[in-house]
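# Chains, contacts and geometry: an overview
Below, each chain spelled out in residue letters.
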Amino acid sequence: MAAVVIEAIWMERNSIVHRGVPNHLETIIRSTRITFSNYMHALSGNQSARQTRWEPPMAPWIKINMDATIRAEEAAETAVVRDDQRVILSLTATPFPHPKPVMAEATAMLLGLQHARDYAWSSVIIKSDCLNLVNCWNGSAEVPWSAAHILQRI
C-alpha cells in the first residue's frame, strides 16, 4: 500500500509542477483505491486459467485489438484490425521509448483509434487488456497522469 500512496503523491506533485493544476483530494483517494485494488487482485492469483480466443465482431463491425509489450528499456505497441470474416484489414506495430505500462497501453489505444480515423471506419469495437485505460475510456476512473497527454490526442 505504501508504494501506491507514494506513487499517488508523486503523480500529484507532477500534476502541479507540469500542469499547474492540483487534483481534488477525492479524485486522488479514488484513484489510489482503484490502483491498490487492481494490485491486490493481481496478487490474489484468483484469475481463472481459462483459455481465451478471439471472437469476430458481427457484420458490419470491425474489431481493433490493441496491446503493448514492455521491456526494460522500451516498449512496443500493436494494433490489429479484423472484420467479421476474421480478415486482417490492418496490422501495425511501433516502438515506444518509455517502458511505463500505462503510457505504452495508451499509445497502443491511440494507434488503433488513429487507424479507425484514417480509414474512416465508423462501426468499430475496440479491445484492450489495460483495465485502467478501459475504465478511463468508460468514464469510471480518472485518467492516469502519465497517460493524460496521450489520451488527450484521442
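Residues numbered from 1 in each chain as written. Predicted model: local features only at pLDDT ≥ 70, side-chain atom pairs only at ≥ 80, totals over all residues. Heavy atoms only, no water.

Looking up the protein chain in an unreviewed UniProt entry gives the name Ribonuclease H-like domain containing protein, with the organism given as Trema orientale.

### Comments concerning the overall build of the protein chain
Summing up its helical and strand segments, the protein chain has five helices and four strands in all. Going residue by residue from the N terminus, the α and β elements of the protein chain occur as α-α-β-β-β-α-β-α-α. Burial analysis of the protein chain (154 residues in total) assigns 31% to the buried set. Pairs at least 24 apart in sequence give 57% of the contacts found in the protein chain among residues at least 6 apart. (Helix = DSSP H or I, 4+ residues; strand = E, 2+ residues; numbered from the N terminus. Buried < 20%, exposed > 50% of the residue type's maximum accessible area, 1.4 Å probe, protein only. Contact = heavy atoms within 4.5 Å.)

### Let's talk about the packing of aromatic side chains
As enumerated under the stated definition, the model contains one aromatic pair in all. Ring centres 4.7 Å apart and planes at 15° place the aromatic pair Tyr119 and Trp121 in the stacked group. Classification of Tyr119 by relative accessible area gives partly exposed; the value is 47%. Residue Trp121 is classed as partly exposed on the basis of its relative accessible area of 22%. For the cation-ring pair, Arg13 lies above Trp10, with the distance from its terminal atom to the ring centre recorded as 4.8 Å. (Phe/Tyr/Trp six-rings, centres within 6.5 Å; stacked < 30°, edge-to-face > 60°. Lys NZ or Arg CZ within 6 Å of the ring centre and 35° of its normal.)

### What to know about the sheet that holds strand S3 (residues 88–96)
The strand order S3-S2-S1-S4 describes an open sheet built from four strands, whose pairing is mixed. In this open sheet, the two strands that pair with only one neighbour each are S3 and strand S4 (124–128). Here the strands of the sheet are splayed against their neighbours by 15° on average, with no regard to which way each runs. Bridge count between strand S2 (residues 75–82) and S3: eight bridges; the pairing is antiparallel. By the bridge assignment for S3, Val80 is matched with Leu91. Strands in contact with helix H3 (residues 101–118) are strand S1 (62–70), S2, S3 and S4; relative to S1, the strand with the most contacts, it is inclined by about 150°. (Pairing = 2+ DSSP bridges. Axes fitted to C-alpha atoms, helices over the stretch in contact; angles between N-to-C directions.)

### As for the confidence of the model for the protein chain
Per-residue pLDDT for the protein chain averages 79, and the proportion of residues at 70 or more is 85%. Element-level pLDDT for the protein chain is lowest in helix H5 (residues 145–151), with a mean of 69, against a maximum mean of 88 in S1. (pLDDT = per-residue confidence, 0-100.)

### Points about the environment of Leu25
By the element assignment, Leu25 lies in helix H2 (residues 25–44). For Leu25, a relative accessible area of 56% corresponds to the exposed category. In sequence terms Leu25 and Glu12 are 13 residues apart; their C-alpha atoms lie 9.8 Å from each other.

### Comments concerning the nonpolar core
Ranked by size, the top nonpolar core spans 21 residues in total, and within it Ile64, Met66, Phe96, Leu133 and Ile150 carry the most contacts. Mapped onto this core, the elements with two or more residues apiece are S1, S2 and H3. For this core, the leading source of residues is H3, giving 10 residues. Not counting residues within four places of it along the chain, the set of residues in contact with Ile150 comprises Phe96, Met103, Ala106, Thr107 and Leu110. (Core = buried A, V, L, I, M, F, W, Y, C linked by side-chain atoms within 4.5 Å.)

### Quick notes on the pattern of salt bridges
Enumeration over the complete set of coordinates arrives at one salt bridge. Between Asp118 and Arg117 there is a salt bridge, with the nearest N and O atoms lying 2.9 Å from each other. A single burial state applies to Asp118 and to Arg117, both of which are exposed. (Salt bridge = Lys/Arg side-chain N within 4 Å of Asp/Glu carboxyl O.)

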